[in-house]
Amino acid sequence: GLGRVCYGATESEKKSLQFRRSLYIAEEMKAGDVLTTKNLRAIRPGHGLAPKFLPILLGRRVKCDVKIGTRVSWDILL
């Protein structure tokens, strides 16, 4: 809630993952393409990497062709 700082996911928060945002690929990418603010989007559901990882991901390259709507995970990155 407001004014409360929580770390980690509680049981009820785990159920609310579908309401959270996570990072998804927003345009078709070819192997070796660089992640940018243009091809990354923070959208629901929260099954991919959290938006807080965006600064780390920018400038990283994908190791395979990636379709629009793919959730971002460490295993698609070089």
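For the structure itself, consult the block above.
Chains are numbered independently. Their residues run from 1 in the order of the written sequence. The model is predicted, so local features are restricted to residues of pLDDT at least 70 and side-chain atom pairs to those at 80 or more, both for listing and for counting; the totals for chains, interfaces and linings are taken over all residues. Heavy atoms throughout the structure, all of them, feed into the side-chain values; hydrogens and water do not.

Novice: Go over the side chain of Asn39 with me, naming the residues and quoting the values.
Specialist: Relative to the helices and strands, Asn39 is located in the loop between strand S1 (22-25) and strand S2 (40-43). Identification of polar contacts relies on pairs of N or O atoms within 3.5 Å, with a donor-acceptor requirement for protein atoms, meaning one able to donate a hydrogen and the other able to accept it, and with residues adjacent in sequence counted only if both atoms are side-chain atoms. Within polar-contact distance, the side chain of Asn39 engages the backbone oxygen of Val34 at 3.0 Å. At 2.8 Å, the side chain of Asn39 and the backbone nitrogen of Thr36 are in polar contact. The contact criterion used is simple: two residues touch if any of their non-hydrogen atoms lie within 4.5 Å. Contact partners of Asn39, with chain neighbours within four places excluded, come to Tyr24, Ile25, Ala26, Glu27, Met29 and Val34. Secondary structure elements are defined from DSSP: runs of H or I of at least 4 residues count as helices, runs of E of at least 2 residues count as strands, and each element is numbered from the N terminus.

Novice: Report on the environment of Arg20, specifying residues and quantitative values.
Specialist: By the secondary structure assignment, Arg20 is in the loop between helix H1 (11-15) and S1. Under the scheme applied here, a residue whose accessible area is under 20% of the maximum for its type counts as buried, over 50% as exposed, and between as partly exposed, the area being computed with a 1.4 Å probe on protein chains only. Here Arg20 falls in the partly exposed class, since its relative accessible area comes to 34%. Taking C-alpha positions, Arg20 is 9.8 Å from Pro51, a pair spaced 31 residues apart along the chain.

Novice: Explain the packing of aromatic side chains residue by residue, including any values.
Specialist: A ring pair, where both rings are aromatic, is described by two values, the distance of the centres and the angle of the planes. Pairing of aromatic rings covers Phe, Tyr and Trp, the last counted by its six-membered ring, and requires centre-to-centre distances within 6.5 Å; plane angles under 30 degrees mean stacked, over 60 mean edge-to-face, and any other angle means tilted. Here the structure, examined in full by the defined rule, presents one aromatic pair. Between Phe53 and Trp74, the ring centres sit 5.4 Å apart and the planes meet at 80°, which makes this aromatic pair edge-to-face. With Phe53 in the loop between S2 and helix H2 (54-57) and Trp74 in the segment after H2, this pair connects stretches of sequence that are 21 residues apart. Its relative accessible area of 23% is what places Phe53 among the partly exposed residues. Assessed through its relative accessible area of 41%, Trp74 is described here as partly exposed.

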